[in-house]
Amino acid sequence: MLKKKLIISPFNLVFWFISLFFVGVLTVMTLTIKGRDMEFRKTFYIAVCLFNCVSFFLYKYELSRDREYDEERQFIGGFSWWGELPFHLCNINMTLMPLAVFFGFRPLMSFCFFMGPLGALMALLLPAPTFDEAYLFLPRILGYYGTHYMIIVEAMALLTFGFYYPEYSDVPKAFLALIVISLLAHCLNTFIRKRGIYDHANYFYTMETEQIPALDMLYRFIPHPLLYELPLYPFSLIYMYLVTFFFGLIRK
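As the structure is a computational prediction, the values presented were derived from the model and not from experiment.

Cut-off values and rules
- Residues numbered from 1 in each chain as written.
- Predicted model: local features only at pLDDT ≥ 70, side-chain atom pairs only at ≥ 80, totals over all residues.
- Heavy atoms only, no water.
- Axes fitted to C-alpha atoms, helices over the stretch in contact; angles between N-to-C directions.
- Helix = DSSP H or I, 4+ residues; strand = E, 2+ residues; numbered from the N terminus.
- Parallel < 35°, antiparallel > 145°, perpendicular 65-115°, else oblique.
- Left-handed = near helix turned anticlockwise from the far one by under 90°.
- Contact = heavy atoms within 4.5 Å.
- Core = buried A, V, L, I, M, F, W, Y, C linked by side-chain atoms within 4.5 Å.
- Buried < 20%, exposed > 50% of the residue type's maximum accessible area, 1.4 Å probe, protein only.
- Expected span 1.5 Å × (residues − 1).
- Patch = residues over 30% accessible without salt bridge, like charges linked within 9 Å, V, L, I, M, F, W, Y side chains within 5 Å.
- Areas by Shrake-Rupley, 256 points an atom, 1.4 Å probe, with all protein chains shown as cover.
- Salt bridge = Lys/Arg side-chain N within 4 Å of Asp/Glu carboxyl O.
- Disulfide = S-S within 2.5 Å.
- Arc of directions from axis to C-beta.
- Polar contact = N/O pair within 3.5 Å; in protein donor to acceptor, adjacent residues only side chain to side chain.

Novice: Please explain the packing of helix H6 (residues 106-125) against helix H7 (residues 139-160) as it appears in this structure.
Specialist: Two quantities define a packed helix pair, namely the angle between the axes and the distance from one axis to the other. Between H6 and H7, whose axes approach to 9 Å, the crossing angle comes to 150°. As far as their axial angle goes, H7 and H6 are roughly antiparallel. When you trace H6 past H7, the crossing you get is left-handed. Counting all contacts with H6, which are made through Met109, Cys112, Phe113, Gly116, Pro117, Ala120, Leu121, Ala123 and Leu124, the residues of H7 involved are Tyr144, Tyr145, His148, Tyr149, Ile151, Ile152, Ala155, Met156, Leu158 and Leu159.

Written out as structure tokens, the structure reads:
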């Protein structure tokens with residue numbers, strides 16, 4: 001009975017409850033650094049990011065032991081560490097955010113601020129079947145939703161901690177970074193596959209859709225690896241400008 005009540009799926013009651021919980025996490029984090037100097041803020045922020053990185057690998061370790069996950073992923077050969085490395089859009093942001101803050105590198109912060117939440121939200125709102133309509137306290141579900149929500153929290157904390165505020169001049173650089181990183185991910189997929197290391201390498205989903213409905217729809221219109229994602233890039237650019245406009249209104 002309890003398991004039925006704690007099934008998580010986009011926009012159901014459990015989903016909204018967990019979303020509110022992580023809004024609370026961001027609020028508590030922001031209150032914790034209030035009145036503290038920048039050095040403390042950076043140290044605290046990087047510690048939170050490193051905690052999430054460690055949690056990510058613990059989550060992947062649990063996936064490696066999850067028979068149900070392995071069975072459901074047999075259409076791409078089951079579990080493989082070569083397919084679970086942190087090279088998807090949201091995972092890359094997870095590793096780049098602490099580096100951006102440590103070095104105070106604004107272009108990198110802008111990329112993470114825009115693309116971290118977008119990548120994580122896509123994962124939360126359009127989960128693969130393996131992570132949809134499942135019991136919240138399954139290790140793979142806790143890991144999946146926990147790490148993705150924390151990526152959004154970390155990206156928003158760039159702003160609430162006072163490290164970054166979006167400007168229109170940041171958008172072209174962040175968009176260029178997205179294109180370059182996407183192409184690098186595709187090159188990595190191609191290399192891993194052609195070297196025979198893992199036949200289903202698919203970071204940034206440039207090779208195939210992995211049964212994600214929204215990507216399936218795009219692939220029906222453009223049935224070619226990498227190219228089928230082209231419609232997503234104008235959307236990403238518009239999204240960045242809208243976010244900048246929104247925060248500009250708040251700042252006024």
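Novice: I keep staring at the nonpolar core and nothing clicks. Help me out?
Specialist: Across soluble globular proteins, nonpolar side chains have a tendency to be buried as a group. By size, the foremost hydrophobic cluster in this structure holds 78 residues, and its most contacted members are Tyr45, Phe114, Leu158, Leu178 and Met240. With 11 residues, H7 is the single largest residue contributor to this core. Phe114 has contacts with Tyr164, Pro166, Asp170, Val171, Ala174, Tyr239, Met240, Val243 and Thr244, leaving out every residue within four places of it along the chain.

Novice: Please clarify how H6 should be interpreted in this entry.
Specialist: Residues spaced three or four apart along an α-helix face the same direction, because each turn holds 3.6 residues. Between the first and last C-alpha of H6 there are 28 Å, a value that for 20 residues agrees with the 28 Å anticipated at 1.5 Å per step. With 14 of 20 residues buried, H6 lies mostly within the body of the structure.

Novice: Please explain the environment of Tyr233 as it appears in this structure.
Specialist: Turning to its location among the elements, Tyr233 is positioned in helix H10 (residues 232-251). For Tyr233, a relative accessible area of 15% gives the class buried. Between the C-alpha atom of Tyr233 and that of Phe175, which follows or precedes it by 58 residues, the distance is 8.4 Å. Discounting residues that sit within four places of it in the chain, Tyr233 has contacts with Phe175, Leu178, Ile179 and Ser182.

Novice: Just to check I follow, could you spell out a nonpolar patch on the surface for this structure?
Specialist: Side chains of Phe11, Trp16, Leu121, Met122, Leu125 and Leu126 sit close together on the surface and give an oily, nonpolar patch of about 540 Å² of accessible area. Mapped onto the elements, Met122 comes out in helix H6.

Novice: Looking at this model, I keep getting lost on the environment of Met97. Mind explaining?
Specialist: Following the sequence through the fold, Met97 ends up in helix H5 (residues 89-103). For the pair Met97 and Leu108, spaced 11 residues apart in sequence, the C-alpha separation works out to 7.7 Å. Apart from the residues within four sequence positions on either side, Met97 is in contact with Tyr45, Cys112, Ile151, Glu154, Ala155 and Leu158.

Novice: Hey, could you run me through the pattern of salt bridges in this one?
Specialist: Any two side chains of opposite charge can pair, given that their charged atoms come close. Within this structure, the stated rule accounts for seven salt bridges. When the shortest N-O distance is used, the salt bridge between Asp66 and Arg140 registers 2.9 Å. Taken as a pair, Asp66 in the loop between helix H3 (38-64) and helix H4 (67-72) and Arg140 in helix H7 lie far apart in primary sequence, 74 residues in all. Both residues of the pair, Asp66 and Arg140, belong to the buried class. The salt bridge partner of Arg140 is Glu68, with a shortest N-O separation of 3.6 Å. Note that Arg140 is positioned in helix H7 and Glu68 in helix H4, a separation of 72 residues in sequence. For Arg140, a relative accessible area of 3% translates into the label buried.

Novice: What is the right way to read the state of the cysteines from this model?
Specialist: Chemically, a disulfide is nothing more than a covalent bond linking the sulfur atoms of two cysteines. In the structure shown here, the tally under the stated rule is zero disulfides. Not engaged in a disulfide, the cysteine Cys90 finds its nearest cysteine sulfur in Cys112; these two sulfurs lie 12 Å apart. The exposure class of Cys90 is buried, given its relative accessible area of 7%. In this structure Cys187 is not part of a disulfide, and its nearest cysteine sulfur, from Cys90, lies 20 Å away.

Novice: Any chance you could explain H10 here in plain terms?
Specialist: With 20 residues, H10 extends 29 Å from end C-alpha to end C-alpha; this agrees with the ideal 28 Å at 1.5 Å per step. Looking at H10, one finds that the buried residues are Tyr233, Ser236, Tyr239, Met240, Val243, Thr244 and Phe247. In an axial view of H10, the angular spread of the buried residues amounts to 130°, which keeps them on one side of the axis. Opposite its buried face, H10 presents the exposed residues Ile238 and Leu242, each directed more than 90 degrees away. Looking at the packing, one finds that the buried side of H10 touches H6, H7 and helix H8 (170-194).

Novice: I keep staring at the environment of Glu84 and nothing clicks. Help me out?
Specialist: Structurally, Glu84 can be placed in the loop between H4 and H5. For Glu84, a relative accessible area of 8% translates into the label buried. Linking Glu84 and Arg193, residues 109 residues apart in sequence, is a C-alpha distance of 14 Å. When sequence neighbours within four positions are dropped, the list of residues in contact with Glu84 reads Phe56, Lys60, Leu63, Tyr69, Phe79 and Tyr203. Of note is the side chain of Glu84, whose polar atom sits 2.6 Å from the side chain of Tyr69.

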